[in-house]
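The lines below spell out each chain.
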Amino acid sequence: MQHSAHMQQRLQSSVHASTSASRCIFKSASRTSNQYSLTRSQASANRRSKTLVYFQNADVAMQAPTELQLMETEVSKPKAKTLSWAGAGIYFFWQLGAMKYLAERYDLTRVPMAGASGGALAAVLAACGIPADTVLQRAYDLSVKHGIWERPLGLVGVWGSLIEQWLDDLLPADAAERCRGKTTIIVTTLPNMAQVGITDFTDKRDLINAAMASAHIPMLLDLKFARLCRGKYCVDGSFPDFFYNDNSELLKAGGSAVIFDYFNDTKLVRKGRMDMLSLKKYEEVKHIMQLGYEYAEGLHQEGHFDHFEVGEMVFDHLDDAAKRQITEVASTPASETQVTALVATQHGPGQR
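Residues numbered from 1 in each chain as written. Predicted model: local features only at pLDDT ≥ 70, side-chain atom pairs only at ≥ 80, totals over all residues. Heavy atoms only, no water.

Turning next to a nonpolar patch on the surface. A cluster of nonpolar residues, V156, M219, L223 and F225, forms a patch on the protein surface that exposes about 370 Å² of accessible area. Topologically, M219 is positioned in the loop between helix 9 (204-214) and strand 7 (227-229). Residue class for M219 comes out partly exposed when judged on its relative accessible area of 41%. (Patch = residues over 30% accessible without salt bridge, like charges linked within 9 Å, V, L, I, M, F, W, Y side chains within 5 Å. Areas by Shrake-Rupley, 256 points an atom, 1.4 Å probe, with all protein chains shown as cover. Salt bridge = Lys/Arg side-chain N within 4 Å of Asp/Glu carboxyl O. Helix = DSSP H or I, 4+ residues; strand = E, 2+ residues; numbered from the N terminus. Buried < 20%, exposed > 50% of the residue type's maximum accessible area, 1.4 Å probe, protein only.)

For E294, the location among the structural elements is in helix 12 (residues 282-301). The class for E294 is partly exposed, based on a relative accessible area of 30%.

Attention now goes to helix 12. When the terminal C-alpha atoms of helix 12 are compared, their 29 Å separation across 20 residues agrees well with the 28 Å that a helix rising 1.5 Å per residue should span. All of the buried residues in helix 12 are V285, I288, M289, L291, G292, Y293, Y295, A296, G298 and L299. (Expected span 1.5 Å × (residues − 1).)

Below, the discussion takes up the pattern of salt bridges. Within the structure shown, the criterion is met by 14 salt bridges. One connected set of salt bridges, linked through shared partners, spans E164, D168, K204, R205 and R227.

Another aspect to go through is the nonpolar core. L83, W85, W166, L167 and F260 are the most contacted members of the largest nonpolar core, which totals 75 residues. L167 has contacts with L121, L125, I208, A211 and M212, leaving out every residue within four places of it along the chain. By size, the runner-up hydrophobic cluster in this structure holds 8 residues, among which are A114, I186, A257 and I259. (Core = buried A, V, L, I, M, F, W, Y, C linked by side-chain atoms within 4.5 Å. Contact = heavy atoms within 4.5 Å.)

Here is the structure:
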């Protein structure tokens, strides 16, 4: 009898512990903000839980995590190690502003990235180290050359050819090598509407074609519904995201990504959801770019990059620059004043 009572007491303790654990899981899952993944509303998580997510070189489709699975893994979330760029349309220039801020502080050519739609363009350009101001200037030059602001239909039907020429002009010959295995371009394949991540680029032309497929908004770019990429017809890589009002699992990278999504910028004034497809005046474009710059600056000040691996890269970059400076000084005759100034720079004030 005493043994039976003891067993019953242990059983009750186990049930109580299990119940307490469940409460902890759900309490953790109730958080609506994510320190590193800045995504759109999570309200669509249940609806999207049945979506199949296809990964590069995978033979089978993987079931997207359910809400309960996300709850259980949230506690052990990995450190952020990926920069992701969401679908953007004309607000690509907002992302370009964020890219400019980051590039002034970090070596983005060494950072894993993922992008969909306009975000795919941002990821490729950042991975290749193209300066943001150069990107903007080339876009402006092409727009003036083709009289975009004078066309009755604006960008309709010609946007695709302009983007393709723009990428070809900006990207270096070894762009595929710079992006291969490190930059993920997301496309949506037809007819199953599966989101696929492409990373194994063969050459510059293949890279540009993947980026164009990711940015292909049906009919708008070239009056065609889809773009052929690697034997499959594809549409915009963020197409499902737009309807689910949430970024894909490929962009979230298992919770390890900082996602740049213009939806999260409260300072950005938009005229409806389709505003991202409307032509903007050049002054508006520059303003949008500045807002993106300030948004990235705000994230930085709030500490969103404190545990991001790119934080270590900037110091490597500065160390390399300092070593080159020392080498140049050593090989070039210098006055006593110049040498004294260099030593003071290396050791800091008050040190000898």
